[in-house]
Amino acid sequence: SKSKGNVLDCMKLFDTYGADAVRWFLYSSTAPWHTRRFFEDGIAETQSRFLGTLQNVYSFFVMYANTENFDPNRHTMPLASRPELDRWILSRFNRVVGDVRTAMDIFEVTRATQAMETFVDELSNWYVRRSRRRFWGSISDPETLSAFVTLWEVLAGFAKLIAPFTPFIAETIYRNLIVRADAKAYPSVHLCDYPAVVPAQLDEALERRMGFVMRVVQLGRAARNEDNLKVRQPLAEMKVVAPDAADRAALDAMKTIVMEELNVKTVTMLAD
């Protein structure tokens, strides 16, 4: 009601948070068929949680790519030659592309935004954090090269995926990562075809293994917090109950990750 003064000035919100943040909050906060609550703190949270995280990943990549003079036209690597972590994030990206396309085909925009928010969180807090040391190396090293190529592909593809939702940050990422490197590229992300799933990059078994390991790490951190044991304090052993043999095999293959993340000396797997 304007007479009661309880309205929010959209132009002021655009100036303060940017149009992308306002748009994303409207898409992601409430399903269209529910009563909508619109409040300024929610926009600020959206900007920090999603757009801020994406911007940080993008800035991280640009900083190191400029240092190493990374050129996506010259620096390439076959998928099969890349480490497991790189293959995993590409598989997750393609999974999200499929989820977003499916959701948008039936007009479930909130479901689409939830899938993208989950992916950006995994990209930042798992992939980039686990890969950070690789970006410190030289691009002549295959491990470092794979990290650069993979993160470039994910960011370039994700810019196209979010273009209808947050057009301005999508345009910024696209122009800097693609247009500057390819004179034949479309001048705007909004002229590109929408991303489609690349079946060859999907690896459901790898996604399941990595997802289980991420869940174990999450539970391990929760257990530490419950007993007020900070991660910097090493522990002798962590026991994980995994009734499923496939989960135990996945953990056995990736237990080094768990040991590093939780600062434990050994990981013991139990069936019950």
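See above for the structure.
Student: In this structure, what is going on with the environment of Arg 36? I would like to understand it.
Tutor: The residue Arg 36 is located in the loop between helix H2 (19-28) and helix H3 (40-68) in this model. On the basis of relative accessibility, which here comes to 35%, the residue Arg 36 falls in the partly exposed class. Residues Arg 36 and Leu 26, 10 residues apart in the sequence, show an inter-C-alpha distance of 8.6 Å. If we skip the residues at most four places from it in the chain, Arg 36 touches Leu 26, Ser 29, Thr 30 and Ala 31.

Student: Explanation requested: a nonpolar patch on the surface in the structure shown.
Tutor: On the surface, Leu 8, Leu 26 and Phe 38 cluster together to form a nonpolar patch covering roughly 220 Å² of accessible area. With respect to the helices and strands, Leu 26 occurs in helix H2. Exposure remark for Leu 26: the relative accessible area of 35% places this residue in the partly exposed category.

Student: Sorry if this is basic, but what is going on with the environment of Ala 253 here?
Tutor: Tracing the sequence through the fold places Ala 253 in helix H9 (residues 245-253). Given a relative accessible area of 63%, Ala 253 falls into the exposed group.

Student: What exactly am I supposed to notice about the nonpolar core here?
Tutor: Buried together is how nonpolar side chains tend to be arranged in soluble globular proteins. In terms of nonpolar packing, the biggest core is built from 81 residues, with Phe 61, Met 116, Leu 151 and Phe 158 touching the most fellow members. Here the element with the most residues in this core is helix H6 (residues 142-162); it accounts for 13 residues. The contact partners of Phe 61, leaving out residues within four places of it in the chain, are Phe 70, Phe 135, Phe 148, Leu 151, Trp 152, Leu 155 and Leu 177.

Student: Honestly, H2 in this entry has me stumped. Any pointers?
Tutor: Every buried residue of H2 is accounted for by Asp 20, Ala 21, Val 22, Trp 24, Phe 25 and Ser 28. In this structure, the buried residues of H2 make contact with helix H1 (10-17), H3, helix H5 (109-135) and helix H7 (167-179).

Student: In this structure, what is going on with the pattern of salt bridges? I would like to understand it.
Tutor: Where charged atoms from two side chains of opposite charge approach closely, those side chains can pair. Scanning the entire structure with this criterion turns up 18 salt bridges. Between Arg 134 and Asp 86 there is a salt bridge, with its nearest N and O atoms 2.6 Å apart. With Arg 134 in helix H5 and Asp 86 in helix H4 (residues 84-105), this pair connects stretches of sequence that are 48 residues apart. Under the relative-accessibility criterion, Arg 134 is labelled buried at 13%. A relative accessible area of 0% places Asp 86 in the buried class. Three or more residues are tied together by salt bridges with common partners; here these are Arg 129, Arg 130, Arg 221, Glu 260 and Glu 261.

The rules behind these values
Residues numbered from 1 in each chain as written. Predicted model: local features only at pLDDT ≥ 70, side-chain atom pairs only at ≥ 80, totals over all residues. Heavy atoms only, no water. Helix = DSSP H or I, 4+ residues; strand = E, 2+ residues; numbered from the N terminus. Buried < 20%, exposed > 50% of the residue type's maximum accessible area, 1.4 Å probe, protein only. Contact = heavy atoms within 4.5 Å. Patch = residues over 30% accessible without salt bridge, like charges linked within 9 Å, V, L, I, M, F, W, Y side chains within 5 Å. Areas by Shrake-Rupley, 256 points an atom, 1.4 Å probe, with all protein chains shown as cover. Salt bridge = Lys/Arg side-chain N within 4 Å of Asp/Glu carboxyl O. Core = buried A, V, L, I, M, F, W, Y, C linked by side-chain atoms within 4.5 Å.

Structural measurements only, silent on function.
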